[in-house]
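These are the residues of each chain, in order.
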Amino acid sequence: MSKVIELTKQDFDKEVLKSDIPVLVDFWAPWCQPCIMMSPILDVLSEELSGKLKICRVNTELPENRILAYQYQIQSIPNMKLFKNGIIIKEFIGLRPKEIFKEELEQVLNSS
Amino acid sequence: MNTEFTENLKDRYPLIIIGAGPAGLTASIYASRYKLEHLVIGEAIGGLAFEAHKICNFPIENEISGRDITKKMQEHARSLGANIIMDKVIGVQEKNEGENKIFKITTQSNKVFLANTVLLALGTERRRLDLPGENRFIGKGISYCATCDAMFYQNKTVAVVGGSNSANTSSLYLAEIAKKVYQIYRRDKLRGETSWIEQILHNQKIKVIYNTNIIGLKGEEKLEKIVLDTPYQGMKELAIDGLFVEIGSVPQKALIKDLSLQTDENGYIKVTSDQRTNRLGIWAAGDITTNSNNFRQIITACSEGAIAAESIFKFIKQHTS
Ligand SMILES: Cc1cc2nc3c(=O)[nH]c(=O)nc-3n(C[C@H](O)[C@H](O)[C@H](O)COP(=O)(O)OP(=O)(O)OC[C@H]3O[C@@H](n4cnc5c(N)ncnc54)[C@H](O)[C@@H]3O)c2cc1C
């Protein structure tokens, strides 16, 4: 069982940059409809890809998280970045259906 | 909500509503009040209305966000027992079942449902600029949703393209956050509600550039400049950090084409006064239709949804009694 982790600036280093396994970080905000639509998909993927991929969320509405949005040059949400060994290896912008997204993720995970 | 989390789904419903915006959700509320069992399938729960930053013309509230109004509609529909699932319908096929017709509805996540009647409340999708590089810059300077992305442009310079209500409200919202807003419009006067236009013309941060089109997008990693067909202050290129595209919407096409529904020349579904399409068993409501004098608003979408639900109820009653 792996749940999506709600991240703040404080645990970004530990959970994302220093993670042993690849991490997908979803930058989102509650006023963004596609983000809300993406949320249950990420919950399911987090279970299905458990062990292979960790999924985290950053709520960009929170003032303490703005710096992360700035740092990672977020200009449009949902914006999901895939990190491996602290480096961004792929970026996904906009809503995508679960099955398609799972395939996209598995493709990157298997080839990197 | 995702299908995975929805319990008690059936394979077959007397009515399936495709679309979960104001039209589809209102139809669901009415259907539930008529005890008409139904399923709502929507790709984006809340529809386009969710993206409205501020709604000031819906009775009951002086001012309400699109997010809140659609949340209320959804909660209302669910509280009456509606099943609402988030999925995209990719096919509607008509089948014969003995003497009767039945519709087979297939979704993107490979779910199949059967329905005796179908209500299409599909709404519209945002019109794109259709300029080279547009796709490359999505999320890197180009946005189609000011409500979603405005806050990433704090103290930046942005442009809004368009001149009707959604462009006008986007400019006003962006002006609360950005340093400078250029609103670029192809005509010589803004359209839409006079109240918004007056606010724009009095806003120091907004500069409306009339009679001008965007003909190019430039930038390396992200959008840096837009190219104008008419020079602004002697310059054909305008340096900006973000471009918000608000040039209206076009009707959803795919399902309409598959079903050979009659449309007007712009692709909106032709319906009768009780929201029937030319095809028996299929109704349409909301922004997707030619009704309501082509006035595409939340209240008119709700109204068409209500009319459709009542008409479907009568139809089903007639055919089952
Ligand atoms: C920025 C902005 C501001 C606005 N401001 C106002 C305002 O202040 N006042 C006002 O009255 N109106 C406003 N509007 C207009 C209003 O949003 C629309 O008129 C209204 O949303 C139409 O409702 P609808 O249900 O017909 O369609 P939509 O709200 O577009 O909903 C369509 C639904 O169909 C779904 N759908 C489409 N295709 C499929 C498919 N294949 N499978 C499954 N589901 C599908 C969509 O996901 C969605 O759930 C605004 C619009 C915008 C963009």
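What counts, and at which threshold
- Residues numbered from 1 in each chain as written.
- Chains lettered and ligands numbered in written order.
- Predicted model: local features only at pLDDT ≥ 70, side-chain atom pairs only at ≥ 80, totals over all residues.
- Heavy atoms only, no water.
- Contact = heavy atoms within 4.5 Å.
- Salt bridge = Lys/Arg side-chain N within 4 Å of Asp/Glu carboxyl O.
- Helix = DSSP H or I, 4+ residues; strand = E, 2+ residues; numbered from the N terminus.
- Core = buried A, V, L, I, M, F, W, Y, C linked by side-chain atoms within 4.5 Å.
- Buried < 20%, exposed > 50% of the residue type's maximum accessible area, 1.4 Å probe, protein only.
- Expected span 1.5 Å × (residues − 1).
- Arc of directions from axis to C-beta.
- Disulfide = S-S within 2.5 Å.
- Domains from an automatic or database assignment.
- Buried area = accessible area lost by both parts, 1.4 Å probe.
- Nonpolar A, V, L, I, M, F, W, Y, C, P; charged D, E, K, R; others polar.
- pLDDT = per-residue confidence, 0-100.
- Near = heavy atom within 4 Å.
- Polar contact = N/O pair within 3.5 Å; in protein donor to acceptor, adjacent residues only side chain to side chain.
- Areas by Shrake-Rupley, 256 points an atom, 1.4 Å probe, with all protein chains shown as cover.
- Phe/Tyr/Trp six-rings, centres within 6.5 Å; stacked < 30°, edge-to-face > 60°.

## Some details on the interface of chain A and chain B
Right, so step 1: Across the boundary between the two partners, chain A contributes 22 residues, which contact 26 residues of chain B.
Right, so step 2: Our count for the chain A to chain B interface comes out at 1 salt bridge.
Right, so step 3: Its salt-bridge partner being Lys-140 of chain B, residue Glu-91 of chain A comes within 2.9 Å of it at the nearest N-O pair.
Right, so step 4: When contributions to the side of chain A that touches chain B are tallied by element, the ones reaching two or more residues are helix 2 (33-48), helix 3 (66-71), strand 5 (87-93) and helix 4 (98-111) of chain A.
Right, so step 5: Considering every element that reaches the side of chain A that touches chain B, the biggest residue donor is helix 2 of chain A, with 7 residues.

## Details of the nonpolar core
Right, so step 1: With 49 residues, the main nonpolar core has Leu-24, Phe-101 and Leu-105 of chain A together with Leu-119 of chain B as its most contacted residues.
Right, so step 2: When contributions to this core are tallied by element, the ones reaching two or more residues are helix 2, strand 4 (79-84) and helix 4 of chain A together with strand 1 (12-18), helix 1 (22-33), helix 2 (66-79), strand 3 (83-86) and helix 7 (298-320) of chain B.
Right, so step 3: Beyond its immediate stretch of four places on either side in the chain, Phe-101 of chain A contacts Leu-24, Met-38, Leu-42, Leu-45, Met-80, Phe-92 and Arg-96 of chain A.
Right, so step 4: Counting 44 residues, the second largest nonpolar core, distinct from the first, contains Val-25 of chain A together with Met-151, Ile-177 and Ile-200 of chain B.

## Section: helix 2 of chain B
Spacing of three or four residues puts side chains on the same side of an α-helix, whose turn is 3.6 residues.
Residues and elements named next belong to chain B.
Right, so step 1: Here helix 2 contains 14 residues, and its C-alpha end-to-end distance of 20 Å stays within 8% of the 20 Å for a straight helix at 1.5 Å per residue.
Right, so step 2: Of the positions making up helix 2, those classed as buried are Gly-66, Ile-69, Thr-70, Met-73 and Ala-77. Buried residues of helix 2, viewed axially, fall in a sector of 90 degrees; they line one side.
Right, so step 3: Those residues of helix 2 hidden inside the fold are in contact with helix 1, strand 3 and helix 7.
Right, so step 4: Looking one or two places after helix 2, you find Gly-81, whose phi comes out positive at around 100 degrees.

## Some words on unusual backbone geometry
All names here are of chain A.
Right, so step 1: Residue Pro-78 follows Ile-77 across a cis peptide bond; omega there is 0 degrees.
Right, so step 2: Relative to the helices and strands, Pro-78 is located in the loop between helix 3 and strand 4.
Right, so step 3: Even without being glycine, Asn-85 reaches a positive phi, approximately 50 degrees.
Right, so step 4: Within the fold, Asn-85 resides in the loop between strand 4 and strand 5.

## Description of the state of the cysteines
Right, so step 1: Applying the stated criterion across every chain, the model contains 2 disulfides over all chains.
Right, so step 2: Between the sulfur atoms of Cys-32 of chain A and its disulfide partner Cys-35 of chain A the distance amounts to 2.2 Å. Given an S-S torsion of about 80 degrees, the disulfide between Cys-32 of chain A and Cys-35 of chain A has right-handed geometry.
Right, so step 3: For Cys-32 of chain A, a relative accessible area of 0% puts it in the buried group.
Right, so step 4: Here Cys-56 of chain A stays unpaired: no disulfide links it, and the sulfur of Cys-35 of chain A, its closest cysteine neighbor, is 16 Å away.
Right, so step 5: Take Cys-56 of chain A: its relative accessible area is 0%, and that puts it in the buried class.
Right, so step 6: Looking at Cys-302 of chain B, it has no disulfide partner, and the nearest cysteine sulfur is the one in Cys-56 of chain B, 16 Å off.

## Concerning the domain arrangement of chain B
Residues and elements named next belong to chain B.
Right, so step 1: For chain B, the domain assignment lists domain 1 (12-126 + 249-320) and domain 2 (134-245).
Right, so step 2: The interface of domain 1 with domain 2 comprises 7 residues on the first partner and 8 residues on the second.
Right, so step 3: Summed over both partners, the interface of domain 1 with domain 2 comes to about 690 Å²; 51% of that surface belongs to carbon and sulfur atoms.
Right, so step 4: For the domain 1 face of the interface with domain 2, the top three residues by lost area are Glu-51, His-53 and Arg-126, together amounting to 64%.
Right, so step 5: Grouping the constituent residues of the side of domain 1 that touches domain 2 by class yields 2 nonpolar, 2 polar and 3 charged.

## Observations regarding the confidence of the model for chain B
All names here are of chain B.
Right, so step 1: Here chain B averages 94 in pLDDT, and 98% of its residues register 70 or above.
Right, so step 2: Long-range and interchain partners of residues 1-5, a stretch whose pLDDT sits below 50, account for 18 contacts in this model, where long-range means more than four residues apart.
Right, so step 3: For this predicted complex, the interface confidence reaches an ipTM of 0.80, while the overall pTM sits at 0.90.

## Considering the site of the ligand
All names here are of chain B.
Right, so step 1: Not every one of the 34 residues close to the ligand is listed here, only the nearest: Ala-44, Leu-48, Val-89, Asp-287 and Ile-298.
Right, so step 2: Contacts to the ligand include Glu-43, whose backbone N or O atom sits 3.0 Å from a nitrogen atom.
Right, so step 3: Leu-48 is positioned with one of its backbone polar atoms (N or O) 2.9 Å from an oxygen atom of the ligand.
Right, so step 4: Burial of the ligand by the protein amounts to 92% of the accessible area it has alone, namely 1000 Å².
Right, so step 5: Counting residues per element, the ones that place at least two in the shell around the ligand are helix 1, strand 2 (38-42), strand 7 (124-126) and helix 7.

## Focus: the packing of aromatic side chains
Residue and element names in this part refer to chain A.
Right, so step 1: Summed over the entire model, instances satisfying the criterion amount to 9 aromatic pairs over all chains.
Right, so step 2: When the ring of Phe-12 is compared with that of Tyr-72, the centres are 5.3 Å apart and the planes differ by 40 degrees; the resulting orientation is tilted. Note that Phe-12 is positioned in helix 1 (residues 9-17) and Tyr-72 in the loop between helix 3 and strand 4, a separation of 60 residues in sequence.
Right, so step 3: Phe-12 sits in the buried class, given a relative accessible area of 3%.
Right, so step 4: Residue Tyr-72 is classed as buried on the basis of its relative accessible area, which comes to 15%.

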